[in-house]
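A look at the structure
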Amino acid sequence: MMKFKDFDRRTLLKGMASFPVLGLFGYEFFRRELSDQKEPVDILKELGIDQKMDFSGDLKKNSAQLIRLGIIGAGTRGKTLLFRTGFAPKERIKGMNAEQMEAWMDYADLNVVVTGVCDVFDDRAEMALDAAGHSVKAVSGEKNLPKAKRYRDYRDLLASDDIDAVIIATPDHHHVQMTIDAINAGKHVYCEKAPTRTEAEAYHLYEAIKDTKLVYQLGHQIRHNPIYPYAAKLVNQGVLGAVNLVEVTTNRNTSSGAWVRHVNRDGSPKPGDLKSIDWNRWLGDRPEVPFSTDRYYNWTKYWDYANGLLGQLFSHEYDAVNGILDLGIPHSCMCSGGIYYFDDGREIPDLMHAVFEYPDKGMSLVYSATLANSRNRGRVIMGRDASMEIGGSIEITADGNSERYKDVLDNKLIDSSKPFVTAGGQRDVDGVSSATEKYYIDRGLTEVKVNGKSQDVTHLHLREWLDVIRNGGKVSCGLNNAFDEAITIQMAKKSYTEGRRVTWDPVSRKIV
Amino acid sequence: MCCIYCKENNCLIFIEMKNIDMDGSVARSFSLFLLRIFIGWHLLFEGLIKVMDPSWTAHGFLKGSKWIFSDFFLMIANNSALLGIVDLLNQWGLVLIGLALFIGVFTRIAAISGVVLLMLYYVCMPPFMGLDYASTTEGSYMIVNKNLIEVAALLILSLFSAGEHFGLDLLRRRRTGKLAF
């Protein structure tokens, strides 16, 4: 046994020579922990900023009433919308790991079934039928679920009385007519963006459904990324000072990102021919042209079906900022650009820049897009006192010349070269994610992590739509938002095609 | 010169003559002491900040693995049960190794465990030409990086009974008369 007297005092002291240094370490570590924990909170408090960010409301609401869904358009987006309401093809279910499965099974309380599927392409209709039969309900062992029926004409689907609500995920040229027909047939509508293809359609849509009691939700899922309402709260508290410039961008540099999608990655053609695709139905009221997989898969390249960058990507940018600043329709717009890079017969520009003026708000919105460079230029809201960069997360940085933050800057409590507020975040982008997928993640359009829990924002947006159908209330991206966005897009398009500055006349409600 | 057995001695810094596997001099002992507590300081710090941060995980580090062992490290990263164990081993391993080196107990075991741990970090992400990592790690000088330097230093600590130079292993040695481990 060790006895203390075996050692003399000196040996003991010598053996403990490092203890004072250990004490110093402990003291320093304690100070570091204190400063790590306290400082950011103190700064926010000092600035009088509300620090709370929540998920909007209670997610799990009364869903006793079963909702029977129809889906029109089961392409890439349609497939995602089905998945996010709890329907997945058998193969996809097999491929899910335990964690993904658990998250997906969590959609059970949506209490929905798919009873109607409409797509002009046989492959896609079959995929959707497959998904409809393999729902969260079916996987959890529920019996006697209604079977989904395939419709070749969407009007037949709308006429069916075993459907309560429809999801529309077709190319843009069908959106307005299908939405109006669905509302007239008594169905609730979740329609993908862009809301309309033309200016005339915007008025048509607005007038046709403005008095309906049915629920119309435009598919801007970013509304359910909780950092956006949080950003709105911060801006309303004056964190940025008077906002004067907003810069939004699109930066992509892949063929898929530029809507060249009729070939697989290895260069082989994607499926589809006149036997499997009902081309006339796909065209609808659009000019008759010979079938091509280019037009079928890459419709975004042509004015006849869509508005290119404006309808597909600026629409997200506009909606993200509209949710924060409540922009509405701009006073005027100038837009320019050109087809400088893609020599593939496309009509829509691959570089585009639009400046929107909001004199009443004392600010401009600038959109700048390229499909031939992927440098991330972010999305930035600039005020007199600070700038906010917002995508998948928020970073607010004080302006070095700010009056409001002068004291805290002088006292070095905050630094104008580093953000003093950061919030939100998204999952790590792994090696498997494609560049286009990363683009959506960076811009806050896919998954969001709040309090350690991952949530898919598209799922939350669909969930809200279903909840409002059952329990009433307001959707977060309804007809007014859709109209404002449609007009804003059309102003840019008109300015670009006519090569002049256009203005919005709020009295006659026309673009002039 | 004086030694622990001459009780009359009262010099302030004790110089050990006997039963140490190297010739002692104040300067040598003191430099071993410094090396030991500095590495202890570093590893204890690395361990404690990971323990204090509830969201910390080795997931990202393991996922970034390149070179011939990357399959092994990726396998750990993708297995949540295994990852939990590795996280725990890493956090507390660093704390215990750091603390042991700091105060000089079980110095040899601690130093050798440190060598193993640091070599795992090293082969997970070796700083070889042609291996591109998502983030540039500070302290890499082609092939040699700070981990490798620390490995060499720990080898010295383990082979030169570093815990017996101003460390608690000195007390254990007095008791057993054997070389501390």
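Here's a quick rundown of the structure. (Residues numbered from 1 in each chain as written. Chains lettered and ligands numbered in written order. Predicted model: local features only at pLDDT ≥ 70, side-chain atom pairs only at ≥ 80, totals over all residues. Heavy atoms only, no water.)

1. Section: the nonpolar core
Residue and element names in this part refer to chain A. The line we're drawing: Joining through side-chain atoms within 4.5 Å is the link that ties buried Ala, Val, Leu, Ile, Met, Phe, Trp, Tyr and Cys residues into a set, and such a set is a nonpolar core. When accessible area is computed with a 1.4 Å probe and restricted to protein chains, residues below 20% of their type maximum are described as buried, those above 50% as exposed, and intermediate ones as partly exposed. Two residues qualify as a contact provided that any one of their heavy atoms is within 4.5 Å of a heavy atom in the partner residue.
Formed by 94 residues in total, the largest nonpolar core has its most connected members in Leu-325, Met-388, Ile-396, Tyr-405 and Phe-420. Beyond its immediate sequence surroundings of up to four residues, Ile-396 is in contact with Leu-234, Val-239, Leu-240, Ala-386, Ser-387, Met-388, Pro-419, Phe-420 and Val-421. Listed in part, the 35 residues of the second largest apolar core include Ile-67, Phe-87, Leu-466 and Val-468.

2. Description of the pairing of strand 10 (residues 363-370) of chain A
Across a regular strand the side chains alternate sides, sitting on one face of the sheet and then on the other. Residue and element names in this part refer to chain A. Applied cut-off: Secondary structure elements follow DSSP: runs of H or I of four or more residues count as helices, runs of E of two or more count as strands, with numbering from the N terminus. A pair of strands is considered paired only if DSSP assigns at least 2 bridges between the two.
Within strand 10, seven of the eight residues are buried, which leaves the element mostly enclosed by the surrounding structure. Both strand 7 (residues 243-251) and strand 10 contribute to a ladder of seven bridges, which runs parallel. Within strand 10, the residue paired with Val-246 across the bridge is Leu-365. As defined by bridge partners, strand 9 (residues 351-358) adjoins strand 10 across eight bridges and the pair is classed as antiparallel.

3. What to know about the pattern of salt bridges
As a working rule, side chains carrying opposite charge can pair if their charged atoms are close by. Residues and elements named next belong to chain A. Stated formally: Salt-bridge detection follows one rule: a side-chain nitrogen of Lys or Arg within 4 Å of a carboxyl oxygen of Asp or Glu.
Following the criterion strictly, the structure yields 25 salt bridges over all chains and no others. A salt bridge links Lys-137 to Glu-142; its shortest N-O distance comes to 3.4 Å. For Glu-207, the salt bridge goes to Lys-210, with nearest N and O atoms at 2.7 Å. For Lys-210, a relative accessible area of 39% corresponds to the partly exposed category. Through salt bridges with shared partners, one network takes in Asp-153, Arg-155, Asp-278 and Arg-281.

4. Considering the sheet that holds strand 4 (residues 165-168) of chain A
Residue and element names in this part refer to chain A. Defined as follows: Geometry is summarised by axes, namely lines fitted to C-alpha atoms with helices restricted to the contacting stretch, and by angles between N-to-C directions that run from 0 to 180 degrees.
Read across the sheet, six strands follow the order 3-2-1-4-5-6 without closing on themselves; strand pairing throughout is parallel. Strands with a single pairing partner mark the edges of an open sheet, and in this sheet they are strand 3 (149-151) and strand 6 (216-218). With strand direction ignored, the average angle separating the axes of adjacent strands in the sheet is 20°. Of the strand pairs in this sheet, strand 5 (residues 188-191) and strand 6 are connected by three bridges, and their pairing is parallel.

5. Comments concerning helix 3 (residues 76-84) of chain A
For helix 3 of chain A, every residue scored as buried is listed here: A:Gly78, A:Leu81, A:Leu82, A:Phe83 and A:Arg84. Taken from the residues just after helix 3 of chain A, A:Gly86 is the one with a positive phi, measuring 105°.

6. Quick look at the sheet that holds strand 14 (residues 421-424) of chain A
All names here are of chain A. As summarised here, the arrangement of the 10 strands in space is 14-13-12-11-7-10-9-8-17-18, forming an open sheet in which the pairing is mixed. Single-partner strands in this sheet number two, and they are strand 14 and strand 18 (510-511). Strands in contact with helix 11 (residues 227-236) are strand 7, strand 12 (386-390), strand 13 (393-398) and strand 14; relative to strand 12, the strand with the most contacts, it is inclined by about 170°. Strands in contact with helix 18 (residues 479-498) are strand 8 (332-338), strand 9, strand 17 (502-505) and strand 18; relative to strand 8, the strand with the most contacts, it is inclined by about 55°.

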